[in-house]
Amino acid sequence: MKKLFTQITFVSLLTMTLFACTKTSDTTVVNNTPVTATVKDLVADTVLGVDPKTGPYSAGKYTYYSIENNAIVSSADSATTKWDLAFLSTKILTNGGTSGSGKGGAFIYKGLFDDIKTIAPDSVFKTDAAPVYAITTGSDKGWYHYDGQTNLITPIAGRVLVIKTASGKYAKLEILSYYKGGVTLSPTASDADKLTKQRYYTFRFTYQPNGTTTF
Amino acid sequence: MGKHILILLFFGPLITFGQRVMVVKDTLASDGDSVVVTATRSERKLSNITVPVTIINAKMIQQNGALRLTDILKEQTGLTMTSGFGAGVQLQGLNPDYTIILINGEPLVGRTAGVLDLNRIALGNIKKIEIVKGPSSSLYGSEAMAGVINIITDASTSIPLQASLRYGTYNTLDASINNTLVSKRLFYQGFYNYYNTDGYSIRPNSNNRVTTPITRLTTSQQFKYNLTENTNLVFNTRLTDEKIISNIAVSNGGVTIYSNGKEHNTDVNLTGSLNHRFSNDLKTSFRSYLTNYVSNQDLLTLSGAPYTDLLNHLFQRVENQTDWTVSKKITGIFGAGAVWEGVKSSRYDSEKVRKNNTIQYGFTQWEWTPLEKFIVIGGVRFDQNASYASAWSPKLSMLYKLNPQHKIKLSIGQGFKAPDFRQLYLDFTNAAAGNYSVFGSAEAQKVIGQLNSLGQIGTLYSNYYLLKSLQPESSTGIHLSWDWEPNPKTFISVQAFRNDIKNLIQVQQVGAYTSGAQIFSYLNIGRAYTQGLELETKYQWNSDWSLSGGYQFILTGDKDEITQIKAGTVYTRDANGVSSRLSLSDYVGLPNISKHKAQFKINYVTKDGYFANTRFVYRSKWAVNNTDGNQVYDTGDSFAAGYLSLYSSVGKNYSNGLSLQVGCDNMTNYVDANNLSNLPGRTFYFSIKYQIINKK
C-alpha cells in the first residue's frame, strides 16, 4: 500500500517535472508573446439568499485569481503573491498596498482594449490603500454603472483595467459582463434573476509575460 | 355636517338660481372657434395668427369621448403623453417641464418632478383648448419654453341646465352638471363633475394597480357682472379634489415593501378681474389670481412605518394688461405684473417653512399690418426674480398670405424655464436606496459644508465648486410653416421647427459621504436640440364624411454628447460585452422620444345628429434605458416597442337635447406594463347627456 502511494507520488512528481519542463521550454519560446484569454463566469461572492429583514446576503469571500497562470488561486494563498486580482461583488483588489504582499497595482484606461498597444510611459499605476482601491469602487467611478431603476450593473463601455501583477508584470483586462452566462440581464428580468445571476464575471485579458509594457 | 356644507357649496348656486333661467344668445361671434386668444393675449382670427396654433373644440372633445385633458391631447400632432409622476405632455420633443398649462390664461401649479398631471383637468365645461407651439415666454414667462396649452372654459353656453353621465370599464363613472344663468347684467356658469374609477392592473399575476382607485371632484364657477356697458367684473373659481387609494409595492435589492395608504390632492384656483373699455381702441384689464395645490401622501408600509410626503404650492399674481389700437395698421398690448410664490414640502429641510420666490415682470407686444396680406408681430418680456437670474424673452413672428390658398408663417422666439423649487431647495435622502442625497442648488453648499464640518463628507467633486445660483434654462425656437388650402374641402399644413436649448439643469454628483453614498445637486450644464417636421391634413369628403391626419418626425440630441461622439470618446458594447467606439449613426438622441408619431381620424357626422369616428394613433419605438453603461442613448440600448392604438365611438345628438354615445378605447388591447402605464387595455363606455332645460 505504502509502496503504491510512493509510486503514485513518484509518477505524479515525474509528470509534474515533465510538464514543468515542457512548460519552461514552452515559455522560453513564447516568452515575448502576450497571452490572451477570456475567463467566463468567475464567481465573485454570489448571493446565497434573501433575508426578509436585511435583504440579500452572501458569504463575503473573495475569489483570488492569477492572471499569470490564468487560474483561480485558493483563498488559503491570499497572503501570498500567487494571485493578481481578487473579486468580491463589484470590488476588485490588486495584490499590493493594503491588499497584498505583491507589487500589484492598476489604473483605469478610458478607451478600447485594442487601442492599448503599449502602456503609455507616463501612466501612473495606483496601489490599493483601503478604503480607496486602485480599481475605484462605486457606480460610474471605476469599471461599472449601476442603474438605480433597473438595479442592473453594466460594465462601462470603453474602460480597460491596466493591471500590474503581483510579480510586477503587465496585463490589460476588459470586463465583459457581471452576470451569469456573460449576458447582461434585460431591464425587465425578474428580481430573483437579478439577484442570483449577478456576481459572475466574464472578462478578457492580455498578459505580457516578459515584463515589458508592450502587448 | 361638513359634507352637507360641501354639497350646499357645490349645488347652492344651482338651486337658488335654477328657477329663473333666461336665455340669451351666444355673446361671442358664431364662428367663435376660429378666434384665438393664446397666441397674442388678445382675440385674433385664426386666419391672422402668425405662430403655429392647434385648436381643439368642444365638438371634437365630445366626439372623441374625452373626459380628461390627457384623453384629447394624446391624439394631437406633435404631442406625446408621458407616464411617470402622472400624465404629462411632451411637446415637440421637449419634456412636460417646458410646457405651461393655463386655464383661462392663468397657470396651473403643483408639479411633481416637473410633471403636471393632466388627469387633474376635467373637460366637461371646456369651450376649446388652444395649443401654441414654440417658445412663448415673451407673453407667458417661465415654463412657456416648448409652448403653451390654454384651456378655455365655456363662458357663453346657451344651455341653461345640462346633466351628463358616463359609465365604462373598471367601474369608471363620470357625472357632470353644467348650468348657466344669464341676465342683462349677470352671467353665471357652474360646472360640477364627479369622477371615480377602480383603476386597473396590466401586470400579469400582480394585484399592483397601475392606476390606483381614484375619486375626483371638480367644480368651477364663473361669474361675470356688467357694471356698465364698458366695465365688467369677472370672478372665476375652480376646485379639484382628488383622493387616491394607493397600494404600492417597492422592490429594492430583492426586498419588496408594500405600502398601503392614501393620497389626497386639492387644487384651488381663484381669479378676479376688472375689465374696462375706454373706447373701441383702448381697453384695460386688472387681474388677480391665487392658486394653491396641496398634495398629501399618507402611506403605511407593511412593517408599520409611516411614510408621508407633502407638497404645498401657493402662487399669487396680480397683473394689468392694456390693449391699444393705435391705427388700423398698428396695435399694441403692454402689461406688467408681480408674482408671490411659495412651496412647502417634506422633501425640503423643513416642511413647515415655505420657500418663497417673487417675480416682477413687464411685457409688450406690437402688431403691424403694413399690407392686408402681411402681418408682423414683435414682443418682449422681462422677468426679474428674487431667487434666480432675470430673463429677457423676445419674439418675432410674421404671416404672409401669398394668395387665398397659400400662407407662410415664420416665428423666432426665446423661451425660458426658471429653476423650480425642487432644483433650488430639495433636501432629500433616499433611505430606501443606498442613502444617497440630493440637495437643491441654493442650499447644497451650505448643507454639504455643514456635513463636512461634522466629518461626514468623504470626497467633494470638482462639480461641487461649480455650484452657484442657477440660471434659467432657455431655448431659441424657429418655426416655419406653410398652410395650403387647394380647395375649400382640403387643408394641408407643413411645419418645420428647431429648438436649441442651453443651460439645461441636470442632476450631477457633487460628492460622496464617508460611507461612499453619493451626493447630488443641480447644475446648468446641458445643451440640446430638437428639430423636426409636422404635417397636418384635413379633407371634407362630403357633407357627412371627413378625414384628418397628422404626422410628426423628430430628431433630438444632446450637443455635448454629440461633441464627445465626434471626438471618439464615447463607447458602446456589443452583445458579447466587447467595447467599440460609438458612431454618430448609432446615436438616438434624447430618451423617451419617438422619431415618428402619427394619427388618423375618419369622421362621420350627419345633419340629423348621428356621429361616428375611428381614430388611429401611432408612436414609433423610443429609448427607455441605457443598458450599455455609456450614459448615452444609442441603438444598443433598450427601447419600448412602437405601437398602434385604435379608438372608436358612435353616438347621436337628438334635437330635444339628448345625446347618447358608446365608445371603445384602445380596441386592439395594446398594453406595455413597463413603459406605458398610462395606457389601460381595451375599455368600453356608454354616455348619456341631457339638456334638462334647453333654449327651445
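Right, let's walk through the structure included here. (Residues numbered from 1 in each chain as written. Chains lettered and ligands numbered in written order. Predicted model: local features only at pLDDT ≥ 70, side-chain atom pairs only at ≥ 80, totals over all residues.)

The secondary structure content of chain A amounts to 2 helices and 13 strands. For chain A, the residues scored as buried account for 35% of the 215 residues in total. Residue pairs in contact within chain A that sit at least 24 positions apart in sequence constitute 57% of those at least 6 positions apart. (Helix = DSSP H or I, 4+ residues; strand = E, 2+ residues; numbered from the N terminus. Buried ≥ 20, exposed ≤ 12 C-beta atoms within 10 Å, placed from the backbone. Contact = placed C-beta atoms within 7 Å.)

This part takes up unusual backbone geometry. The residue after A:A130, namely A:P131, is reached through a cis peptide bond having omega 5°. Summarising the element assignment, A:P131 is placed in the loop between strand 8 (105–110) and strand 9 (144–147). Its identity is not glycine, yet A:D45 carries a phi of approximately 60°, on the positive side. With 17 C-beta atoms counted inside 10 Å, the residue A:D45 sits in the partly exposed group. Located in the positive-phi region is B:E143, a residue other than glycine, with phi close to 80°.

Topologically, B:Y610 is positioned in strand 33 (residues 610–619). Separated by 51 residues in the primary sequence, B:Y610 and B:Q661 place their C-alpha atoms 9.7 Å from one another.

All names here are of chain A. Taken in spatial order, the 4 strands of this open sheet run 5-4-6-7, and their pairing is antiparallel. Edge positions in the sheet fall to strand 5 (71–73) and strand 7 (91–94), since each of these pairs with one other strand and no more. Direction aside, the axes of adjacent strands within the sheet are offset by 30° on average. Sheet topology places strand 4 (residues 63–66) next to strand 5; 3 bridges connect them, and they run antiparallel. (Pairing = 2+ DSSP bridges. Axes fitted to C-alpha atoms, helices over the stretch in contact; angles between N-to-C directions.)

Bringing the interface of chain A and chain B into the picture now. Tallying the contact residues gives 26 residues for chain A and 22 residues for chain B. At the level of secondary structure, the elements contributing two or more residues to the side of chain A that touches chain B comprise strand 3 (55–58), strand 9, strand 10 (152–155), strand 12 (170–179) and helix 2 (191–196) of chain A. The dominant element in the side of chain A that touches chain B, judged by the number of residues it contributes, is strand 12 of chain A, at 3 residues. Residues that form the side of chain A that touches chain B fall into these classes: 11 nonpolar, 13 polar and 2 charged. (Nonpolar A, V, L, I, M, F, W, Y, C, P; charged D, E, K, R; others polar.)

The next point concerns the nonpolar core. One recurring pattern in soluble globular proteins: nonpolar side chains tend to sit buried together. Of all hydrophobic cores here, the largest spans 69 residues; its most connected members are B:I72, B:L123 and B:I151. B:I151 has contacts with B:L69, B:L102, B:I103, B:I121, B:I126 and B:I129, leaving out every residue within four places of it along the chain. Counting 56 residues, the second-largest nonpolar core is a separate cluster that includes A:Y133, A:W143, A:I175 and B:W622. (Core = buried A, V, L, I, M, F, W, Y, C linked by C-beta atoms within 7 Å.)

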